[in-house]
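Here is how the chains run, residue by residue.
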Amino acid sequence: MPETTPHGLRRLAFGGDYNPEQWPESVWQEDVRLMREAGVTMVSVGIFSWALLEPEPGSYTFGWLDRVLDLLHANGIRVDLGTPTVAPPAWFYRAHPEALPVTREGVRYAFGSRGAICHSSPAYREAAARITTELARRYGTHPALALWHVHNEYGVPVSACYCDTCAAHFRRWLDTAHGSVEAVNDAWGTAFWGQRYASYEEIDPPRLTPTVGNPAQQLDYRRFADATLRENFVRERDILHRLAPGIPVTTNFMTALSQCDSLDYWSWGREVDLVTNDHYLITDGRRTHVNLAMAADLTRSVAGGAPWLLLEHSTSGVSWQPRNPAKRPGEMARNSLAHVARGSEGAMFFQWRQSRRGAEKFHSSMVPHAGTDSRIWREVVALGADLGTLAEVRGTRTVPDAAMVWDWQSWWAQGLEWRPSEDHDARERADSFYESLYDRHLTVDFAHPEADLSAYPLVVVPALYLVTEAAGLNLRSYVENGGTLVVSYFSGIVDEHDAVHPGAYPGALRDVLGLTVEEWSPLGAGESVRITGPAGDSLPADVWTEFVVPRGAETVWTYADGPAVGRPAVTRHRLGRGTAWYVSTRLDATALDTVLRAACEDAGIDSRDTLPRDVEVVRRSGESGDYLFVLNHTADEAKVPLDAPGTELLGGERADGQLAVPAGAVRVVRLDA
Ligand code: GAL
């Protein structure tokens, strides 16, 4: 069995993508000296090095990589070794231009960047297997090797190809998934607009069509594309397992980035030995630390709650957004330690030394262009020391308070064309529900709709448009057995083929919610309504309203105006030993808090209102102890009450009763046993 943490690494992982091939060997000596100074424990090597390792087909130049790995080993630094299959060399494309991917519009991409791959291409698959085999043979027993890093961020920048090779592959995939052309016709509803197929040969990828293409065909193509990438990962992984037994294999995910939603990470999480994730702050005016917490919670959940590893984030600004602000003093450490609080076994960066050339030369690094006499370097060294101190948290698990149901396939379906309102955004709903729970200081696990939810007192379901019959039954039995559920509008509408569940909306969730929805009426741009609640309180709402008919549920908030005036806006249904809430309109995170507070009472979750906003308190617990991470994202000192006395690890002081955390600082308390 492969290990599930980096082989031979006894500390938290700290380091970054290391690309020594961009520098003369004289710089390598300085690199390892600085790595030692910063307390670097592991680096990722060779991710984009295919052209340098195999300059001509079948002829290999491993000497430079031998020297890099030996040097790192001699300096006690572990290696996360890439298979460079995200960047095939120019010679490969000259021989196989058909391996360049084709867009939905029929345009073939060119060589000269990275990730230009048709994953169905037999030539690509063969070449990728060959270089992977050579690497595994050469380095499988190298003493520096801790982890295999297959490819890089599958699905980015190209997640699907629409070429003829893919068309043939898609037809085979359809046959496996559906069994017959008739079953495909049935699942896709091809009676509509006369799209019926008589044979598989007539079926193509969902290429550019004059108006909306068949939604179920598009949905299946996303599944096919995801499965195709996974097939290629599994092929490389199996080679590595066979030739380097015991060494864990990973590929870096991007779990929470809405622009990278092409992989169903629930399936990917089962294929890797160690879940790893890349996370970058998105500058869109929202609170970046909340988005970060969500990404970390989601990644931990994809790992089934087990320890995972942050394989990339940035020391300061990135280079690919319209505006790329530098991180503020202390922000990098807060980011890194927030990931650790939520289960990461370390904090790694893109990249070690800032490049002088190429597309990413303005992306921050551990060793910046400014050199070591810089704030970034001083903060890197300080973070290395802190992570060294925190080694004892390894193996402990983050303790959740509630769960959010999350399904990439539902997102894919919801993202298709011609929906009731373009203002409704499923991801925005998930973000707002998360933000609301974050502001109640609850640590959130994410769960697949068909997963066992019985461990959670509270489960929220924001905009889960696609719900299978099995998932509907799962949510129902969760409530019957005592759970508290909160569901938002436009959930439970269609099945796995984007077909509306029979009967009134929301077909898959009618019973558990104790209501039907007769019709919805999305609001105009900028329009809003008010809903009034039990204490006469009034909350603003926008985007969406509905005509809800209670069938067992009680009305808690009512529309005070708008198209559904006088009708239920928020309802509560007691079922079995539990309760199911329904929110039929869009409430922002603040308004949502009022509803979630009531649901928390049903769920018996203690109010944590006494904790200041933007002060994050997260627990990791396990054999080595019980650890409270407190991150102060505010500009003022925060006082946090402690349930038990303990020792603050970063300062080494006793903590009792109340913990003072300076503005922008992080404290980690090992609670007394
Ligand atoms: C990641 C990628 C890295 C680097 C980084 C820059 O998505 O894996 O290679 O490009 O972005 O932020």
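These numbers come from a predicted model, not from an experiment.

Trainee: Is there a simple way to think about the layout of surface pockets in this case?
Mentor: It is the rolling of a water-molecule-sized probe over the atoms that shows where space remains empty. Space inside the second largest pocket adds up to approximately 730 Å³. Along the wall of the second largest pocket there are 30 residues; nearest its centre are Arg 222, Asp 261, Trp 412, Gly 415 and Leu 416. Considering each element in turn, the lining of the second largest pocket owes the most residues, four residues, to helix α8 (residues 215–243). Within the lining of the second largest pocket, the residues separate by chemical class into 15 nonpolar, eight polar and seven charged.

Trainee: How do you make sense of the sheet that holds strand β28 (residues 666–671) when you look at a structure like this?
Mentor: Adjacent strands of a sheet form backbone hydrogen bonds with each other and so pair up, either parallel or antiparallel. Taken in spatial order, the six strands make up an open sheet running β10-β22-β23-β28-β25-β26, and their pairing is antiparallel. Both edges of this open sheet fall to β10 (397–398) and β26 (653–655), since each of them pairs with a single strand only.

Trainee: What exactly am I supposed to notice about the packing of helix α5 (residues 122–139) against α8 here?
Mentor: The angle between the axes and the distance between the axes are what describe a pair of packed helices. Remark: α5 packs on α8, axes separated minimally by 9 Å, with the N-to-C direction vectors making an angle of 25°. As the angle between them shows, α5 and α8 are arranged roughly parallel. As α5 packs across α8, the resulting crossing turns out to be right-handed. Together, Tyr 124, Arg 125, Ala 128, Ala 129, Thr 132, Thr 133, Ala 136 and Arg 137 of α5 and Thr 228, Glu 231, Asn 232, Arg 235, Glu 236, Ile 239, Leu 240 and Leu 243 of α8 make up the contact between the two elements. Tallied by class, residues from the contact of α5 with α8 come to seven nonpolar, four polar and five charged.

Trainee: For this particular structure, what's the right way to read the pairing of strand β23 (residues 625–632)?
Mentor: In the case of a regular strand, side chains alternate between the two sheet surfaces. Burial of β23 is extensive: seven of the eight residues sit out of reach of the surface. Count of turn residues in the strand β22 (residues 615–622)/β23 antiparallel hairpin: two residues.

Trainee: Looking at this model, I keep getting lost on the site of the ligand. Mind explaining?
Mentor: Lining the immediate environment of the ligand, one finds Phe 48, Arg 114, Asn 152, Glu 153, Asp 278, Tyr 280, Glu 312, Trp 320, Phe 350, Glu 360 and His 363. Here Glu 360 contributes a side-chain N or O atom positioned 2.5 Å from an oxygen atom of the ligand. Note that an oxygen atom of the ligand is positioned 2.7 Å from one of the side-chain N or O atoms of His 363. In isolation the ligand offers 310 Å² of accessible surface; the protein chains occlude 95% of this area. Each residue belonging to the shell around the ligand can be placed in one class, and the counts come to four nonpolar, two polar and five charged.

Trainee: Would you take a moment to explain the domain arrangement of the protein chain for this structure?
Mentor: Many structure descriptions define interface size as the accessible area lost when the parts assemble. Domain annotation for the protein chain reports domain 1 (13–162 + 205–398), domain 2 (402–603) and domain 3 (615–671). On a C-alpha basis, the centres of domain 2 and domain 3 stand 35 Å from each other.

Trainee: Looking at this model, I keep getting lost on the nonpolar core. Mind explaining?
Mentor: As a rule of thumb, nonpolar side chains are buried together in soluble globular proteins. In this structure, Val 45, Leu 65, Leu 72, Trp 148, Trp 406, Leu 458 and Leu 485 are the most contacted members of the largest nonpolar core, which totals 176 residues. In this structure, Leu 72 is in contact with Tyr 18, Val 32, Met 35, Val 43, Val 45, Ile 77 and Val 79, ignoring residues within four places of it in sequence. Among the nonpolar cores identified, the runner-up in size contains 20 residues, and Trp 173, Ala 187, Tyr 197 and Tyr 200 belong to it.

Trainee: What should I look at first to understand the packing of aromatic side chains in this one?
Mentor: Taken as a whole, this structure holds 38 aromatic pairs when the rule is applied. Seen from their ring centres, Tyr 465 and Phe 490 are 5.0 Å apart, and the 35° between their planes marks the pair as tilted. Taken together, the residues span a long stretch of sequence, with Tyr 465 in the loop between β13 (458–461) and α15 (469–480) and Phe 490 in the loop between β14 (484–488) and α16 (510–513) at a distance of 25 residues. For the pair Tyr 465 and Phe 490, a shared accessibility class is recorded, and that class is buried. Summarising the aromatic geometry, the rings of Tyr 489 and Trp 544 are spaced 4.9 Å apart at their centres and angled 25° between planes, so their arrangement reads as stacked. On the criterion of sequence distance, the pair formed by Tyr 489 in the loop between β14 and α16 and Trp 544 in the loop between β17 (538–542) and β18 (546–550) is long-range, its members being 55 residues apart. In this structure, Tyr 489 and Trp 544 share a single accessibility class: buried. The rings of Tyr 154, Phe 233, Phe 253, Tyr 265, Trp 266, Trp 268, Trp 406, Trp 408, Trp 411, Tyr 434, Tyr 438 and Phe 446 are connected pair by pair, giving a single aromatic cluster. Its guanidinium or amino end placed over the ring of Trp 23, Arg 353 lies 5.4 Å from that ring's centre, counting from NZ or CZ.

Trainee: Before we go on, may I ask you to explain the sheet that holds strand β21 (residues 578–583) in this structure?
Mentor: Strand order in this open sheet of nine strands is β12-β11-β13-β14-β21-β20-β19-β16-β17, and the pairing throughout is mixed. For this open sheet the edge positions go to β12 (444–447) and β17, each flanked by a neighbour on one side alone. Adjacent strand axes in the sheet meet at a mean angle of 25°, parallel and antiparallel pairs treated alike. With six bridges joining them, strand β20 (residues 568–575) and β21 adopt antiparallel strand pairing. Counted as the bridge partner of Arg 572 is Trp 581 from β21. Strands β13, β14, β17, β19 (554–559), β20 and β21 of the sheet are contacted by helix α17 (residues 589–603), whose axis makes an angle of about 170° with β21.

Trainee: Please explain the side chain of Glu 648 as it appears in this structure.
Mentor: Mapped onto the elements of the fold, Glu 648 is located in strand β25 (residues 646–648). Separated by 2.5 Å, the side chain of Glu 648 and the backbone nitrogen of Gly 651 make a polar contact. Beyond its immediate sequence surroundings of up to four residues, Glu 648 is in contact with Glu 653, Leu 659, Arg 667, Val 668 and Val 669.

Trainee: Any chance you could explain the packing of helix α10 (residues 288–302) against helix α11 (residues 331–341) here in plain terms?
Mentor: At a minimum axis distance of 9 Å, the contact between α10 and α11 shows a crossing angle of 25°. By the criterion of interaxial angle, the relationship of α10 to α11 is roughly parallel. Note that α10 runs across α11; the crossing there is right-handed. Between α10 and α11, the contacting residues are Thr 288, Leu 292 and Ala 296 on the first element and Glu 331, Asn 335, Ala 338 and His 339 on the second. Along the lines of polarity and charge, the residues of the contact of α10 with α11 split into three nonpolar, three polar and one charged.

Trainee: Please clarify how unusual backbone geometry should be interpreted in this entry.
Mentor: In the segment running from Val 156 into Pro 157, the intervening peptide bond is cis, with an omega of 0°. With an omega of -15°, the peptide bond running from Tyr 505 to Pro 506 counts as cis. A positive phi angle, near 60°, is found at His 151, a position not held by glycine. Topologically, His 151 is positioned in the loop between β4 (145–150) and α6 (164–178). What makes His 151 buried here is its relative accessible area of 2%. Even without glycine at this site, Trp 418 takes up a positive phi of about 60°. Within the secondary structure layout, Trp 418 lies in the loop between α13 (408–414) and α14 (426–439).

Reading the values: rules and limits
- Residues numbered from 1 in each chain as written.
- Predicted model: local features only at pLDDT ≥ 70, side-chain atom pairs only at ≥ 80, totals over all residues.
- Heavy atoms only, no water.
- 1 Å grid on protein atoms, 1.4 Å probe; cavity = no way out; pocket = protein on both sides within 12 Å on 5 of 7 lines; lining within 4 Å.
- Points joined across faces, edges and corners; volume = space filled by probe spheres on them.
- Helix = DSSP H or I, 4+ residues; strand = E, 2+ residues; numbered from the N terminus.
- Nonpolar A, V, L, I, M, F, W, Y, C, P; charged D, E, K, R; others polar.
- Pairing = 2+ DSSP bridges.
- Axes fitted to C-alpha atoms, helices over the stretch in contact; angles between N-to-C directions.
- Parallel < 35°, antiparallel > 145°, perpendicular 65-115°, else oblique.
- Left-handed = near helix turned anticlockwise from the far one by under 90°.
- Contact = heavy atoms within 4.5 Å.
- Buried < 20%, exposed > 50% of the residue type's maximum accessible area, 1.4 Å probe, protein only.
- Near = heavy atom within 4 Å.
- Polar contact = N/O pair within 3.5 Å; in protein donor to acceptor, adjacent residues only side chain to side chain.
- Areas by Shrake-Rupley, 256 points an atom, 1.4 Å probe, with all protein chains shown as cover.
- Domains from an automatic or database assignment.
- Core = buried A, V, L, I, M, F, W, Y, C linked by side-chain atoms within 4.5 Å.
- Phe/Tyr/Trp six-rings, centres within 6.5 Å; stacked < 30°, edge-to-face > 60°.
- Lys NZ or Arg CZ within 6 Å of the ring centre and 35° of its normal.

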